[in-house]
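Structural features, examined
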Amino acid sequence: MEEVLKRENLKEALKRVKANKGSAGVDGMTVQQLPRYLVKHWPEHRDQLLSGTYQPQPVRRVEIPKPDGGVRKLGIPTALDRLIQQALLQVLQGKWDPTFSEHSYGFRPGRSAHQAVAQAQQYIAEGYGIVADLDLEKFFDRVNHDKLMGAVAKRITDKRVLKVIRAFLNAGVMEGGLVGASVEGTPQGGSAFATAEQYRARRAGPGVGAARPSLREVCGRL
């Protein structure tokens, strides 16, 4: 946790959160308002993270239409929670990314969907003529928290980090002014928990999960 809370790591996390912009969470605070808030309140939140008592706020439910019909449910964390998730992501990603499959392109630094397409074109040029395209319906909505945390715990020994990741998973969802429990799934919308795609991909085998992008994504690659 001390590494997550290093000044340079936090400065980089704040820079990325501000660059990503995005809507306000349940507290209504925008990313533009976050720096001023941190000047006064960050010491308190830092102490909470170091003591393992930090409690994230619920995510705000937002629905966006899918191109093929239906809606995709997003969970928008508060600006503060996005900062903490991003700081966690930067540390964990740096340690874990080198261990991931060379065939995985999604949610990884220095990799993109364009590279995945280029690799696919190379396979075609080499004579391969069959493409397997698969997806797991509502996978993000159905991730088992205990199994995910069990995988994460194999690589993290700091109980405070494990506790705050679990707290983000269980923070709940506000929809229509009411907060509901989140007993499974990972919210799509936060920088730290877009993990589940790679959680699936690592178990499916090389070449799967080629393109899409967060602690959620990093944890998903375990």
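Quick look at the structure, then.

What counts as what
Residues numbered from 1 in each chain as written. Predicted model: local features only at pLDDT ≥ 70, side-chain atom pairs only at ≥ 80, totals over all residues. Heavy atoms only, no water. Helix = DSSP H or I, 4+ residues; strand = E, 2+ residues; numbered from the N terminus. Contact = heavy atoms within 4.5 Å. Buried < 20%, exposed > 50% of the residue type's maximum accessible area, 1.4 Å probe, protein only. Expected span 1.5 Å × (residues − 1). Phe/Tyr/Trp six-rings, centres within 6.5 Å; stacked < 30°, edge-to-face > 60°. Lys NZ or Arg CZ within 6 Å of the ring centre and 35° of its normal. Axes fitted to C-alpha atoms, helices over the stretch in contact; angles between N-to-C directions. Parallel < 35°, antiparallel > 145°, perpendicular 65-115°, else oblique. Left-handed = near helix turned anticlockwise from the far one by under 90°. Nonpolar A, V, L, I, M, F, W, Y, C, P; charged D, E, K, R; others polar.

1. Quick look at the environment of leucine 34
Its place among the elements puts leucine 34 in helix H2 (residues 34-51). Considered as a pair, leucine 34 and alanine 79 are 45 residues apart in the sequence and their alpha carbons are 6.6 Å apart. Once residues within four sequence positions are removed from consideration, leucine 34 is found in contact with Leu14, Met29, Ala79, Leu80 and Leu83.

2. Quick notes on unusual backbone geometry
Leaving glycine aside, a negative phi is the common case for residues, and trans is the common case for peptide bonds. For lysine 21, which is not a glycine, the phi torsion comes out positive at approximately 55°. For lysine 21, the position within the fold is in the loop between helix H1 (7-20) and H2. For lysine 21, a relative accessible area of 54% puts it in the exposed group.

3. Focus: helix H3 (residues 79-96)
Under the 1.5 Å per step criterion, the end-to-end length of H3 is 25 Å for 18 residues, consistent within 8% with the ideal 26 Å. The element H3 is largely enclosed, with a buried count of 16 among its 18 residues.

4. Quick notes on the packing of aromatic side chains
If you walk through the whole model with that rule in mind, you get 1 aromatic pair. Here tyrosine 123 and tyrosine 128 contribute two aromatic rings whose centre-to-centre distance is 6.0 Å and whose plane-to-plane angle is 80°, an arrangement assigned as edge-to-face. On the accessibility criterion, tyrosine 123 (32% relative accessible area) is partly exposed. Across from the ring centre of tyrosine 105, 5.2 Å away, lies the NZ or CZ of arginine 111, which sits over that ring.

5. Notes on the packing of helix H6 (residues 145-153) against helix H7 (residues 159-169)
For the pair H6 and H7, the least separation of the axes is 11 Å and the interaxial angle reads 155°. Between H6 and H7, the angle falls in the class roughly antiparallel. You can see that H6 and H7 cross each other, and the crossing is right-handed. Contacts from His145, Asp146, Leu148, Met149, Val152 and Ala153 of H6 reach H7 at Leu162, Ile165, Arg166 and Leu169. Split by residue class, the contact of H6 with H7 holds 7 nonpolar, 1 polar and 2 charged.

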